[in-house]
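Listed below are the residues making up each chain.
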Amino acid sequence: MNVATRINSRLDVRGQFPAITGWHYLDSAATAQKPQAVIDAITQAYARDYATVHRGVYERSAAMTASYEDSRAASSRLIGGKPNELIFTRGATEAINLVARVLPKQGRNRVLVSTLEHHSNIVPWQLAGYEVDAVPLTDDGRIDLAAAEAMLTDQHRVVAFAHVSNVLGSILDAKAAADIAHAKGALLLLDGCQAVPRMPVDVAAIGADFYAFSAHKLYGPTGIGCLWGRADLLQSLPPWQGGGAMIEKVTFEETTYLDPPARFEAGTPHIVGAVGLHAAVDWVENLSLDAIHAHECALVTETRAALSAIPGVTLYGPEDSAGIVSFNVDGVHAHDTATILDDAGVAVRAGHHCAQPLMRWLGVEATARASFAAHSDSSDIAALVRGIEQVKRIFG
Ligand SMILES: Cc1ncc(COP(=O)(O)O)c(C=O)c1O
């Protein structure tokens, strides 16, 4: 059996994604396409089940509240957490901003991030008044944990690392990162945006303190994401936004707040977003994240082999990256590469990927990035290769 047949037979879910018919969508790291099961769950929530949550005394509202809370439990369980440990946010960006804003500094005003972080794991710390130190990368583009250990001081409140890089696909040894952080009394926040859709995650086994991810990268809707936090930690934190749904009692003199997670969810939440997220969680669990991970790793291996056989193509990141391959065609701007690929029916992302410090480390302005999902297969890679050959023909 050749590689192509093996990969195609591993996961066969392309037909469940109505929006990619006749298209080679290789931009799942930006946002995932939605399987029919998620589209149906969202449609049904608006067309049949819709009502507000937490406040209504009528039956439909009670049912909607149960669905909303079921989604919380399922989303937390997906990453090894308990129901009351998961806060719904607008996405990973808001989740990291929340931690940066509410966590008392306790006399420690530094945060240790890495050179490969997405801007949403750099800027929130700066806005919250932290000094940000950046750990260098190993030659093949992983966070250098030996360097992290050497750089960490008792001035660092948080170690904040991407679990999987959105540009290089490099996978962090998260347990080792937790041990390093805790040895110096720092907390570990993991940006799990790219990890949760691509591999099994267990926050308890890792020993993480906070974990952030977005539903839209997990085959779910935009506008909703998750912050998981250790229960005792969340209990100790003050609210960050005030309004309905997060209070216990309000007077003009004093207001008291509900326990987490409600304390951190002011206002009417993204009710149908939670329903869609639950459907997405069920969908990936049904396939199994082990199977999705194996499938995407095989696609990465096949892609790296195919692209490195093309003269003048530079690949970035480690060989065993998770579902993401960044590259450049020598002498061609990544935007031109992506435009020609678009003409060939292949969607890749080009640019700095919200990771400008990493671009500086790579010594480039931009890269082109092919990123996979459960529906990707060898036909996508073949189209990518044909498109890159066209780029080379056009640019001589
Ligand atoms: C690693 C990483 N972190 C954070 C984010 C921000 O996610 P969102 O825009 O959904 O909040 C992204 C999105 O590209 C990402 O890839």
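Residues numbered from 1 in each chain as written. Predicted model: local features only at pLDDT ≥ 70, side-chain atom pairs only at ≥ 80, totals over all residues. Heavy atoms only, no water.

J.: Would you mind showing me how to read the overall build of the chain here?
T.: A count of helices and strands for the chain gives 14 helices and 15 strands. For the chain, the C-alpha radius of gyration of 22 Å lies close to 21 Å, the compact-globule estimate for 396 residues. Dimensions of the chain, computed from C-alpha atoms along their principal axes, come out at roughly 75 × 55 × 35 Å. Carbon together with sulfur atoms contributes 52% to the accessible area of the chain, which is approximately 15,900 Å² in total. On the chain, the mean spot of the 31 positive side-chain charges and the mean spot of the 43 negative ones are 2 Å from each other. (Helix = DSSP H or I, 4+ residues; strand = E, 2+ residues; numbered from the N terminus. Rg over C-alpha atoms; globule rule 2.2 N^0.38 Å. Areas by Shrake-Rupley, 256 points an atom, 1.4 Å probe, with all protein chains shown as cover. Lys, Arg positive; Asp, Glu negative; His and termini not counted. Charge placed at Lys NZ, Arg CZ, Asp CG, Glu CD.)

J.: I keep staring at the sheet that holds strand β15 (residues 367–371) and nothing clicks. Help me out?
T.: Pairing between sheet strands relies on hydrogen bonds along the backbone, with the strands arranged either parallel or antiparallel. Ordered by their spatial adjacency, 4 strands build an open sheet running β11-β12-β15-β14, and the pairing between neighbours is antiparallel. In this open sheet, the two edge strands, each paired with only one partner strand, are β11 (313–316) and β14 (349–351). Put simply, the sheet's adjacent strands are angled 30° from each other on average, direction ignored. (Pairing = 2+ DSSP bridges. Axes fitted to C-alpha atoms, helices over the stretch in contact; angles between N-to-C directions.)

J.: Hey, could you run me through helix α4 (residues 92–102) in this one?
T.: An α-helical turn contains 3.6 residues, so a residue and the one three or four places further along point in the same direction. Along α4, 9 of the 11 residues are buried, which leaves the element largely enclosed by surrounding structure. Ala-92, Glu-94, Ala-95, Ile-96, Asn-97, Leu-98, Val-99, Ala-100 and Val-102 are the residues of α4 that are buried. Summarising the contacts, the buried residues of α4 are in contact with β2 (86–89), α5 (123–127), β6 (187–191), β7 (210–214) and β8 (225–229). (Buried < 20%, exposed > 50% of the residue type's maximum accessible area, 1.4 Å probe, protein only. Contact = heavy atoms within 4.5 Å.)

J.: Where do I start with the pattern of salt bridges in this structure?
T.: Think of it this way: side chains of opposite charge can pair up when their charged atoms draw near. Applying the stated criterion across every chain yields a total of 17 salt bridges. The partner of Arg-198 in a salt bridge is Glu-296, with the nearest N and O atoms 2.6 Å apart. A residue pair is termed long-range when its members are at least 10 positions apart, and Arg-198 in the loop between β6 and α8 (203–206) and Glu-296 in helix α11 (residues 289–308) qualify at 98 residues. Judged by relative accessible area, which is 2%, Arg-198 ranks as buried. Taking relative accessible area as the criterion, Glu-296 reaches 2% and is therefore assigned buried. If you follow the salt bridges from partner to partner, you end up with Arg-14, Asp-377 and Asp-380 in one network. (Salt bridge = Lys/Arg side-chain N within 4 Å of Asp/Glu carboxyl O.)

J.: Help me out: how do you make sense of the site of the ligand in this one?
T.: Around the ligand, the neighbouring residues are Ala-92, Thr-93, His-118, Ser-120, Asn-166, Asp-191, Cys-193, Gln-194, Ser-214, His-216 and Lys-217. With respect to the ligand, the side chain of His-216 contributes an N or O atom lying 2.7 Å from an oxygen atom. Here an oxygen atom of the ligand and a side-chain polar atom of Lys-217 are 2.6 Å apart. Its free accessible area being 390 Å², the ligand has 85% of it covered by the protein chains. Split by residue class, the shell around the ligand holds 2 nonpolar, 7 polar and 2 charged. (Near = heavy atom within 4 Å. Polar contact = N/O pair within 3.5 Å; in protein donor to acceptor, adjacent residues only side chain to side chain. Nonpolar A, V, L, I, M, F, W, Y, C, P; charged D, E, K, R; others polar.)

J.: Help me out: how do you make sense of the sheet that holds strand β5 (residues 156–162) in this one?
T.: Ordered in space as β2-β8-β7-β6-β5-β3-β4, the 7 strands form an open sheet in which the pairing is mixed. Two strands bound the open sheet, and with one partner strand each, they are β2 and β4 (131–135). The mean inter-strand angle of the sheet, taken between neighbouring strand axes irrespective of direction, is 20°. Bridge analysis of β7 against β8 gives 5 bridges, and the strand direction is antiparallel. Bridge pairing in β8 places Ala-212 opposite Leu-227. Along the sheet, helix α7 (residues 174–183) contacts β5 and β6; its crossing angle with β6, the most-contacted strand, is approximately 150°.

J.: Before we go on, may I ask you to explain the confidence of the model for the chain in this structure?
T.: If pLDDT is low for a region, its predicted coordinates should not be looked at in detail. Of all residues in the chain, 98% have pLDDT values of 70 or greater, and the mean over the chain is 96. Within the model, the stretch residues 1–9 combines pLDDT values under 50 with 10 contacts to residues more than four positions away or in other chains. (pLDDT = per-residue confidence, 0-100.)

J.: Hey, could you run me through the packing of helix α2 (residues 36–49) against helix α10 (residues 271–287) in this one?
T.: For any two helices packed against each other, the geometry is given by the interaxial angle and the distance between the axes. The contact between α2 and α10 brings their axes to 8 Å, and the two run at 150°. Put simply, α2 runs roughly antiparallel to α10. Relative to α10, α2 is oriented so that their crossing is right-handed. Contacts between α2 and α10 involve Ala-37, Val-38, Ala-41, Ile-42, Ala-45 and Tyr-46 from the former and Val-272, Val-275, Gly-276, Ala-279, Ala-280 and Trp-283 from the latter. The residue makeup of the contact of α2 with α10, split by class, is 11 nonpolar, 1 polar and no charged. (Parallel < 35°, antiparallel > 145°, perpendicular 65-115°, else oblique. Left-handed = near helix turned anticlockwise from the far one by under 90°.)

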